Amino acid sequence: MPLHDTEFTTNQMSRWLREEDPDRLDQLWARADEERRRVVGDGVHLRGLIEISNHCRRHCLYCGLRGPNDRVTRYRMTTEEILECARRAAELGFGTVVLQSGEDPGLDPVETAELIHTIKAETGLAVTLSLGERPTDHLARWREAGANRYLIRFETSDVGLFADLHPDAPRGSVLRVQQLRTMRDLGYEIGTGVMVGIPGQSYESLTYDIDLFRKMDIDMVGLGPYIANEQTPLRGDLNSLPEREQVPATEQMASKALALTRIVCPEANIPATTALATIDGRSGRRNALRRGANVIMPNLTPEQYARHYRIYPKKSEAKKTARTEPGWMEERLRTIGRYVADGPGNRVNRPDVSRSGGPTISSGKPET
Ligand code: SAH
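Nothing here was measured: the structure is a model prediction, and the numbers come from that model. (Residues numbered from 1 in each chain as written. Predicted model: local features only at pLDDT ≥ 70, side-chain atom pairs only at ≥ 80, totals over all residues. Heavy atoms only, no water.)

Enquirer: So what about the pairing of strand E1 (residues 43-53)? Which residues, and what values?
Expert: Most of E1 is tucked away, with 11 of its 11 residues classed as buried. When E1 meets strand E8 (residues 339-340), the two strands line up parallel, connected through 2 bridges. Paired with Val44 across the bridge in E8 is Val340. Looking at chain direction, E1 and strand E7 (residues 295-296) are connected through 2 bridges and run parallel. Paired with Leu46 across the two strands is Ile296, which belongs to E7. The pairing of E1 with strand E2 (residues 96-101) spans 6 bridges and is parallel. For Glu51, the partnering residue across the bridge sits in E2 and is Gln100. One crossover worth recording links E1 to the parallel E2 by way of helix H3 (residues 79-91), and it is right-handed. (Buried < 20%, exposed > 50% of the residue type's maximum accessible area, 1.4 Å probe, protein only. Helix = DSSP H or I, 4+ residues; strand = E, 2+ residues; numbered from the N terminus. Pairing = 2+ DSSP bridges. Right-handed = clockwise from strand over helix to strand, strands pointing away.)

Shown next as structure tokens:
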């Protein structure tokens, strides 16, 4: 099974996802690392994450912020508080701030546009949004206000599984792919991703997820293991697949998906996600950086809010790895031969954004 580059077939990908031989896997990690170094280099981009609101109108079965979870203390940061965090990101030398929230109808589109405008004017940082599914007029307004990128994971390319996981939005996976296309046409860099090992995810379906990143030529891909949250209906036990079909939610499996993504989307910006660091402490993030990742998103949310942004249970270790003291990250990166990259960290060799069309969510996939 040779390691072809972007020509990798879905068959080869799915065999790699099932590979367990440590020597063979070392070849996969090495190939992903080589591709990362060749195409995006040794610089690691730091993006400061600000969790601006944990209000959410959605019912996603796996997520602790889901609207019906009444054990969450809800908050919405003020403009001044958010600006304070953005200034801190600039002081720390980060190139980007990421504004993330639940799908909060209380985030006013006009006020959010003003906030984006002010952050750009004051700090000059690149602004990434991760605010859920939004109407095109909001997306257009925020783009005009200066937002550069937008993250929305399609969570799974399997339309049936998406419907099972999102009872309030059964067509959501198609809509999310449409929103990604709309955003690309608006001039955003687009980011998506999936949870690895969510109950009901087969090897075949994870393979199609990675193939869809490639077909859509995604600019940023976020991948992390699914982490069961006891405050959600899904927890860990709603598993309908036979054991040999179900993708396990392990660090190793998330690493395989990440490495394959780097190989088939060599130009993408790929973070070492917090979920990885959560299940495997510091080595989760370090391994990800050596298996294809080139971005870290330190959390800048003030502690009094961050503790209420519990998508999944967080271990204290993850907090440590996301420390934001000046110099701390540089030091840790140096130990693995990497450094903090300058500048906003845009996608390399960005394609012409004016094209549209392209594959649909069901392409290459048998309809079930
Ligand atoms: N409301 C925004 C931001 C969501 S939080 C949006 O919908 O885009 C970012 C990501 O966290 C989600 O897209 C999902 O993939 C991930 N996530 C949610 N619950 C999780 C869990 N229990 N384990 C691991 N990742 C989870």
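What follows continues from the structure just given.
Enquirer: Before we move on, can you summarise the pairing of strand E5 (residues 189-196) with the specific residues and values?
Expert: For E5, the tally of buried residues reaches 8 of 8 residues, placing the bulk of the element in the interior. In this sheet, E5 lies alongside strand E4 (residues 149-151) in parallel orientation, the contact comprising 3 bridges. Bridge assignment links Arg149 to a residue of E5, and that residue is Glu189. Across 6 bridges, E5 lies against strand E6 (residues 220-225) in parallel orientation. Residue pairing in the sheet places Gly193 in a bridge with Gly222 of E6. Assessed by its sense of winding, the connection that carries the chain from E5 through helix H8 (residues 203-216) to E6 is right-handed.

Enquirer: Report on the site of the ligand, specifying residues and quantitative values.
Expert: Around the ligand there are 17 residues in total, and Ser101, Arg153, Glu155, Ile227 and Ile311 lie nearest to it. Interatomic distance of 3.0 Å between a backbone N/O atom of Tyr62 and a nitrogen atom of the ligand. Ile227 places a polar main-chain atom, nitrogen or oxygen, 2.8 Å from a nitrogen atom of the ligand. Protein chains bury 91% of the 560 Å² of accessible surface belonging to the ligand in isolation. Considered class by class, the residues forming the shell around the ligand number 8 nonpolar, 5 polar and 4 charged. (Near = heavy atom within 4 Å. Polar contact = N/O pair within 3.5 Å; in protein donor to acceptor, adjacent residues only side chain to side chain. Areas by Shrake-Rupley, 256 points an atom, 1.4 Å probe, with all protein chains shown as cover. Nonpolar A, V, L, I, M, F, W, Y, C, P; charged D, E, K, R; others polar.)

Enquirer: Lay out the nonpolar core with the relevant residues and their values.
Expert: Ile50, Tyr62, Ile119, Leu129, Tyr150, Tyr188 and Phe213 are the most contacted members of the largest nonpolar core, which totals 92 residues. No other element matches the 8 residues that helix H9 (residues 251-264) contributes to this core. Non-local contacts of Tyr62, meaning those with residues more than four positions away in its chain, are made with Glu155, Leu165, His166, Met195, Ile198, Tyr226, Asn229, Thr232, Leu234 and Ile311. In terms of nonpolar packing, the next biggest core, distinct from the first, is built from 6 residues, Leu49, Val98, Met220 and Met297 among them. (Core = buried A, V, L, I, M, F, W, Y, C linked by side-chain atoms within 4.5 Å. Contact = heavy atoms within 4.5 Å.)

Enquirer: I'd like a description of the environment of Thr118, backed by residues and values.
Expert: Mapped onto the secondary structure, Thr118 falls in helix H4 (residues 109-123). What makes Thr118 partly exposed here is its relative accessible area of 28%. For the pair Thr118 and Leu83, spaced 35 residues apart in sequence, the C-alpha separation works out to 8.1 Å.

Enquirer: I'd like to hear about unusual backbone geometry, residue by residue, with values.
Expert: Positioned with a positive phi, Glu155 is a non-glycine residue whose angle comes to about 70°. Inspection of the secondary structure assignment puts Glu155 in the loop between E4 and helix H6 (159-165). Residues other than glycine seldom take positive phi values, yet Asn349 does so here, at roughly 50°. Relative to the helices and strands, Asn349 resides in the segment after E8. Residue Asn349 is classed as exposed on the basis of its relative accessible area of 56%.

So, to be careful, I would describe these as geometric facts and stop short of saying anything about function.
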